[in-house]
Amino acid sequence: MINKDQSLSVELISVTKRYGNVVAVDSINLTIASGEFFSFLGPSGCGKTTTLRMIAGLERPDVGKVRINGELVNDLPPYERNVSTVFQRLALFPHMTVAENIAFGLKIQRQSRNAIEAKTKKILDLVHLSGYESRYPEQLSGGQQQRVALARSLILEPEVLLLDEPLAALDRKLRKEMQIELRRIQQEVGITFIYVTHDQKEALSMSDRISVMHQGKIIQSGSPQEIYEHPKTPFVADFLGASNFLSGLLVKSGNGFGLQMADGLLIHIESRGLGASDLNTNKMITLRPEAIEISLQKMPLGAKNCFAGVVVNKVYLGDSTEFEVLLNQNERLKVYVDGHRKEAQLSIAADVFVHWDDAVCNLIRSD
Amino acid sequence: MAAKVLRRSSLSAPIRGIGRISLPLLVGLVTLFIYAPILILMIFSFNDAGNLAWWDGFSLKWYQQLLAGESLWSALQVSLIVTSTSVLISTVLGTITAYALYRWKFWGKRLFENVLYLPLYVPEVVLGISLMMLFILLKIPRGITTMILAHVAFTIPVVVLVVLARMQRVDWSLEEAAMDLGADELMTLRKVTVPLLMPGILAAALLAFPWSFNDFVITYFVTGPGQTPLSVLTYDLVLGARRTGAMGQVNALGTLMTLTTLLLPLLGFLLLRLRRFSPAQFFKKRGSLS
């Protein structure tokens, strides 16, 4: 409340949490700005939920500091923090109606009946649940229960709303709708959302910024585009979408750089960020399957990398087709071709050419 | 249900026929075996003759004698005071104990839990005698107080067992949710935890009530002069009947006590059914969802 105009909302300073011998969260440093839609993305057991629970006050960090709006909150119980959580299992009170669930926090604060009624009405409008006041949670669908959980937290106007995989239990279509809905609500109320998910598409489509977590550590933080297009490690490249991994010796090639692979292929890569000292060291690049094009003729100008290969596998995916192309009898490349392209009709054993621009090669800095 | 299973099996028609007849027959026999003695007692409580040898015609005279006598009413009073007080105390203590056992870790927890259930295994006579000796040693005059103490002691394990069973089906993240929404520990307990456990707490009280009300053995050892509860009064009447041969009053009292202990839980059950909300149902649904 005091530092409302400051842009920083949540700060984690070398936060660590252990359970016995297991390090669940390993000295995390992070600053989340006010009004941001921030996501922790990672596989289950990576420590993302534990991190969220430490911000909520449901777990205490063993080491490090948690600050909310500049205030150190390590020792504050959840009910003294101005944050609210939407739990994975929703945790709606089964013995209360929708209206009672939503008004729970306000009643605890002993707000007047008029104020409670007015706020409840407003928040029900926001989550499109007007008319459901006197229902019990068990009488609602999964999506509606979701909205109640959201409303119950939002009505308290927290500084930060924490969401722990809130859409995991919904079916695909509903999940999509709720993603858009969540984003709309966040923009409407303008408070910080911290979102935990293992679903990369969910994180990419909703977030302003993402931290990818693995084994208790933050591997990479950045905008969805940054993380998807320039993954810093093979883990990030693989966890967000699919990737081809190519490694070789960095060599000079023309007036740029190239990756000389063991089987003789030379891949041109962008020289950005590379210097003479990197020459003759082993490097790895990641290459998105959708960034590679496939054709029957050796061709276009502009594509710096072009290799002959043979189709060895084909998987029909509906909107696209996944091909596996064998280069040089050795290197297998995964290539996605849009469903409407004539190349999508290619069959196994077809001789083809694959080509891609040097700009789409993402260099892994170090391992 | 059973018939359906049999029909689906590969048994031949005659065997299936036997199954269809024999199953209800078996159930009927078992029921008869359990309830026949009580039924006989009830019928003979209306026997004019007052013994079990012959039927002299329908009569309410034993009930009239029983209800006219002073001893029944004072015994009923003693029983109700002892049972309601001890059930109230043991329900509260048992619920708190169950909460501690389920939610907290403490040194010697396993040992404590096993010792707690001991009154369920120890022979009642032994429990009764040892309680009597304890009260004599501590110089506590035997009467209503000692009966209440004894009844609390042997009903607590029942309450703990029932409430623990309920706790296993409660979604404990609801407590976290309440605290997250600003409720402190006490408020969470009041607004969320206790309401969620309430069906279990009520069930425990309903089970403890007849447990206490009907107890004879332990009560017999800790009761005091002039403070005879119903179960002990029944025994006194039996002793008297063995001299006079007139069992009529015993039968009448037995009938009344059986009906009371049957009707009370039924009443409680109906009250529970009347509540519009059943959390048990809710959790069953949620369980299948996740």
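Residues numbered from 1 in each chain as written. Chains lettered and ligands numbered in written order. Predicted model: local features only at pLDDT ≥ 70, side-chain atom pairs only at ≥ 80, totals over all residues. Heavy atoms only, no water.

> How should I be thinking about the sheet that holds strand β11 (residues 244–253) of chain A in this particular structure?
As a general point, the strands of a sheet are linked pairwise by backbone hydrogen bonds and lie either parallel or antiparallel. Residue and element names in this part refer to chain A. What the five strands build is an open sheet, ordered β13-β12-β11-β14-β20; its pairing is antiparallel. Each having just a single partner strand, β13 (266–269) and β20 (362–364) make up the two edges of the open sheet. Adjacent strand axes in the sheet meet at a mean angle of 45 degrees, parallel and antiparallel pairs treated alike. Where strand β12 (residues 256–260) lies against β13, four bridges are found, and the strand directions are antiparallel. (Pairing = 2+ DSSP bridges. Helix = DSSP H or I, 4+ residues; strand = E, 2+ residues; numbered from the N terminus. Axes fitted to C-alpha atoms, helices over the stretch in contact; angles between N-to-C directions.)

> Sorry if this is basic, but what is going on with the domain arrangement of chain B here?
Reports often express the size of an interface as the amount of accessible area lost when the parts come together. Residues and elements named next belong to chain B. Looking at the assigned domains, one finds that chain B contains domain 1 (1–44) and domain 2 (61–285). Centre-to-centre separation of domain 1 and domain 2, based on C-alpha positions: 34 Å. Residue-level contacts link four residues of domain 1 with five residues of domain 2. When the buried surface of domain 1 facing domain 2 is broken down by residue, L41, M42 and F44 rank first, second and third, together holding 90% of it. Here domain 1 is connected to domain 2 by zero residue pairs in polar contact (both at pLDDT 80 or more). Broken down by class, the residue content of the side of domain 1 that touches domain 2 amounts to four nonpolar, no polar and no charged. (Domains from an automatic or database assignment. Contact = heavy atoms within 4.5 Å. Buried area = accessible area lost by both parts, 1.4 Å probe. Polar contact = N/O pair within 3.5 Å; in protein donor to acceptor, adjacent residues only side chain to side chain. Nonpolar A, V, L, I, M, F, W, Y, C, P; charged D, E, K, R; others polar.)

> Honestly, the interface of chain A and chain B in this entry has me stumped. Any pointers?
Across the contact, 28 residues belong to chain A and 27 residues belong to chain B. Among the residues of chain A in contact with chain B, Y79(A), R89(A) and E138(A) are the three that bury the most area, contributing 27% of the side total. Between R89(A) and D171(B) there is a salt bridge; the shortest N-O distance is 3.8 Å. On inspection of chain A and its partner chain B, the count reaches six residue pairs in polar contact (both at pLDDT 80 or more). When its residues are assigned to classes, the side of chain A that touches chain B shows 17 nonpolar, six polar and five charged. (Salt bridge = Lys/Arg side-chain N within 4 Å of Asp/Glu carboxyl O.)

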